Amino acid sequence: MSSRGISEPGDVPAAFDAAAGSYDRLVDANPGYHSHLRLSARRMMLPGNGRGLRLLDAGCGTGASTAALLRVAPLAEIVAVDGSAGMLTEARTKRWPGSVRFVHSRIENLAEAGVEGPFDGIFAAYLLRNLADPDAQLQKFRALLRPGSTLAVHEYSVSDSRFAAAVWNTVCATVIIPAGRLRTGDASLYTYLRRSVNRFDGVTAFCNRLRSNGFTDVHSKTVPGWQHNIVHTFLAKASTCPMP
């Protein structure tokens, strides 16, 4: 699939299908990728190693975010969902406890796939900027969560910082896109990644988006390393009051 062939964001799952076989090798080469996911999962402050909790990993990909959730909540039930069959095939080749279940579904269609709430926490890594209607999805997440439970969005956001945007675009041009082309013979997914991050909400705008869609106690934290002020954990609680 060429970069022109990705209908943004409609064909993103198909692009991930094409890249699935090499995806883990690419992200493994990114310093901090897995530790940052674990950091965001820890920031959810899930109690009791997750005992008695039911968690949704929204956009699980090859299972890196699932592994991060499992690390901090080894006793929880985890439902991991992704729209790319290829990425899920890679995820399922790994060893998982019986408490982890993978579901193939676009995140917008969870009900049709039999995934229903309530959940005691939702972890959404690198997902929201790839959706056509993030507001509608945030409202669905709010409805799936028990009141007062945590949504953690682990996502790129550079629009509020010229320096962060400059670092991001430099790394994309010199490392991420060339490496993607070398590994897969097609840089379409990685050129899309660069564009999607550049146009995504800034930190302030995304925090306001969370509040306007029924979340409270909204705040964000960034990560260490080269992705400082590039990758963020957005944390929010499902409001105990119904949406107006």
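Residues numbered from 1 in each chain as written. Predicted model: local features only at pLDDT ≥ 70, side-chain atom pairs only at ≥ 80, totals over all residues. Heavy atoms only, no water.

An unreviewed UniProt entry lists the protein under the name Ubiquinone biosynthesis methyltransferase UbiE, from Mycolicibacterium elephantis DSM 44368.

Let's talk about the packing of helix α6 (residues 162-184) against helix α7 (residues 188-199)
A pair of packed helices is characterised by two quantities: the angle between their axes and the separation of those axes. Going by this rule: Every axis corresponds to a line fitted to the C-alpha atoms, with the helix fit spanning only the stretch in contact, and the corresponding angles, defined between N-to-C directions, vary from 0 to 180 degrees. Helix numbering and strand numbering both begin at the N terminus, where a helix is a DSSP run of H or I of at least 4 residues and a strand a DSSP run of E of at least 2. The scheme is simple: roughly parallel for angles under 35 degrees, roughly antiparallel for over 145, roughly perpendicular for 65 to 115, oblique for anything else. Whether two residues are in contact is decided by their heavy atoms: any pair within 4.5 Å suffices. When residue character is reported, Ala, Val, Leu, Ile, Met, Phe, Trp, Tyr, Cys and Pro are called nonpolar, Asp, Glu, Lys and Arg charged, and the others, Gly included, polar.
The interhelical angle for the contact between α6 and α7, taken along N-to-C directions, is 155°, at an axis separation of 8 Å. The angle between α6 and α7 places the two elements in the roughly antiparallel class. Taken together, the residues of α7 that come into contact with α6 (itself represented by Trp 168, Asn 169, Cys 172, Ala 173, Ile 176, Ile 177, Gly 180 and Thr 184) are Tyr 190, Thr 191, Leu 193, Arg 194, Val 197 and Asn 198. In terms of residue class, the contact of α6 with α7 is built from 8 nonpolar, 5 polar and 1 charged.

Quick look at the packing of aromatic side chains
Heads up, the condition is: Note on aromatic contacts: the rings of Phe and Tyr and the six-membered ring of Trp form a pair at centre separations within 6.5 Å, being stacked when their planes are under 30 degrees apart, edge-to-face when over 60 apart, and tilted otherwise. Note on exposure labels: buried denotes an accessible area under 20% of the residue type's maximum, exposed denotes more than 50%, and partly exposed covers the range between, all computed with a 1.4 Å probe on protein chains only. Sitting over a ring, as applied to charges here, requires NZ of Lys or CZ of Arg to be within 6 Å of the ring centre and within 35 degrees of the ring normal.
Inspection of every chain in the model, using the stated rule, returns 6 aromatic pairs. Consider the rings of Trp 96 and Phe 102, whose centres lie 5.3 Å apart with planes at 70°: the pair is edge-to-face. Under the relative-accessibility criterion, Phe 102 is labelled buried at 12%. Three or more aromatic residues link up through ring pairs in this structure, and these residues are Tyr 33, Tyr 126, Tyr 156 and Trp 168. Across the ring face of Phe 119, the terminal group of Arg 54 is positioned such that the distance to the ring centre comes to 4.2 Å.

With respect to the pairing of strand β5 (residues 145-156)
Taken residue by residue, a regular strand's side chains alternate between the two faces of the sheet. Under the convention used in this document: When DSSP finds two or more bridges between two strands, those strands count as paired. Handedness is read with the strands pointing away from the viewer; a crossover is right-handed when the path from the first strand over the helix to the second is clockwise.
Counted residue by residue, β5 has 9 buried out of 12 residues, so it is predominantly covered. Summarising the sheet, strand β4 (residues 119-125) and β5 pair through 6 bridges and their orientation is parallel. What sits directly across from Ile 122, in β5, is Leu 151. Each parallel crossover has a hand, and for β4 linked through helix α5 (residues 134-144) to β5 it is right-handed.

As for unusual backbone geometry
Cis geometry marks the peptide bond from Gly 117 to Pro 118; its omega dihedral reads 5°. With respect to the helices and strands, Pro 118 occurs in the loop between β3 (100-104) and β4. For Met 45, which is not glycine, the phi dihedral falls at a positive 55°. Topologically, Met 45 is positioned in the loop between α2 (33-42) and β1 (54-58). With a relative accessible area of 67%, Met 45 lands in the exposed category. The backbone phi angle of Asn 49 is positive, close to 55°, even though this residue is not glycine. Of note, Asn 49 is situated in the loop between α2 and β1. Classification of Asn 49 by relative accessible area gives partly exposed; the value is 46%.

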